[in-house]
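Inside the fold
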Amino acid sequence: MSSKLSISIPKPCSENWSAMTPVEQGRFCQSCLKKVFDFTQSSDREIAKAIQSNDSLCGRFANTQLNRELIVPKEKSSIWLATTSAVISFLVLGTEELTAQEKQKVEQTEGSFLKGKPTIEAKIKAEFTVTGVVSDEIGPLPGANVYIKGTSKGVQTDMNGKFSINAKVNDVLVFSFMGLKEKVIKVKAKNKNLNVKLNSSKMIMGVVIIQE
């Protein structure tokens, strides 16, 4: 069973987000003297938790986050988590034992590749370094996220918006930054240097109305 609720902003705010003072989890609006929470990169669970503990919360959302049901799954019990952990450990140990039994066979197979020139498949799977700069309309973006889709492998840009990540041909790189549209680029052999520009996405600010 999941708890469901939806949120809307009937009267969007027209204040300039960029001109507001940055504070933790958002910005401070000098016009209404209130903190405006930035939920543009938040999960449904994080949004629900924040708005249910604040009756008159003012927030900033991506258009796709509003006027739909927020589905917040119930948290798993500690017993369920312990059981799952035990099952995963059992499967991992079983896989390691099977891998050890097959090790000699795999090593013999790999040896045939090493004697000759690398195959096309080997070249495709080889990692190389992809570098570049992530920016927006104003300039380089420090702290932008760069990661390989479908993996936990990722980096953040430095103070000059520069990044460096090891990837393979056909990997999909995802570039994101709070408040900007995400950009996805497939790695090709020639893409060893990428300069990526992120554009603003449509955002809505205002007092949040909750409908359960």
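Calculation criteria
- Residues numbered from 1 in each chain as written.
- Predicted model: local features only at pLDDT ≥ 70, side-chain atom pairs only at ≥ 80, totals over all residues.
- Heavy atoms only, no water.
- Pairing = 2+ DSSP bridges.
- Helix = DSSP H or I, 4+ residues; strand = E, 2+ residues; numbered from the N terminus.
- Axes fitted to C-alpha atoms, helices over the stretch in contact; angles between N-to-C directions.
- Buried < 20%, exposed > 50% of the residue type's maximum accessible area, 1.4 Å probe, protein only.
- Arc of directions from axis to C-beta.
- Contact = heavy atoms within 4.5 Å.
- Polar contact = N/O pair within 3.5 Å; in protein donor to acceptor, adjacent residues only side chain to side chain.

A few words now on the sheet that holds strand β7 (residues 128–135). With mixed pairing, the 3 strands of this open sheet are ordered in space as β10-β7-β13. Only two strands of the sheet have a single partner each, and these edge strands are β10 (162–167) and β13 (193–197). Taking each pair of neighbouring strands and ignoring which way they run, the sheet shows an average axis angle of 30 degrees. Where β7 lies against β13, 5 bridges are found, and the strand directions are parallel. Counted as the bridge partner of Val 134 is Val 196 from β13.

Restricting attention to buried positions, one finds in helix α1 (residues 44–52) the residues Asp 44, Ile 47, Ala 48, Ala 50 and Ile 51. All buried residues of α1 fall inside an arc of 165 degrees around its axis, so they share one side.

So, on to the environment of Lys 153. Locating Lys 153 in the fold gives a position in the loop between β8 (145–148) and β9 (154–156). C-alpha separation for the pair Lys 153 and Ile 165, spaced 12 residues apart in sequence, amounts to 8.7 Å. In contact with Lys 153, other than residues within four places in its own chain, are Glu 127, Tyr 147, Ile 148, Ile 165 and Asn 166. Of note is the side chain of Lys 153, whose polar atom sits 2.8 Å from the backbone oxygen of Asn 166.

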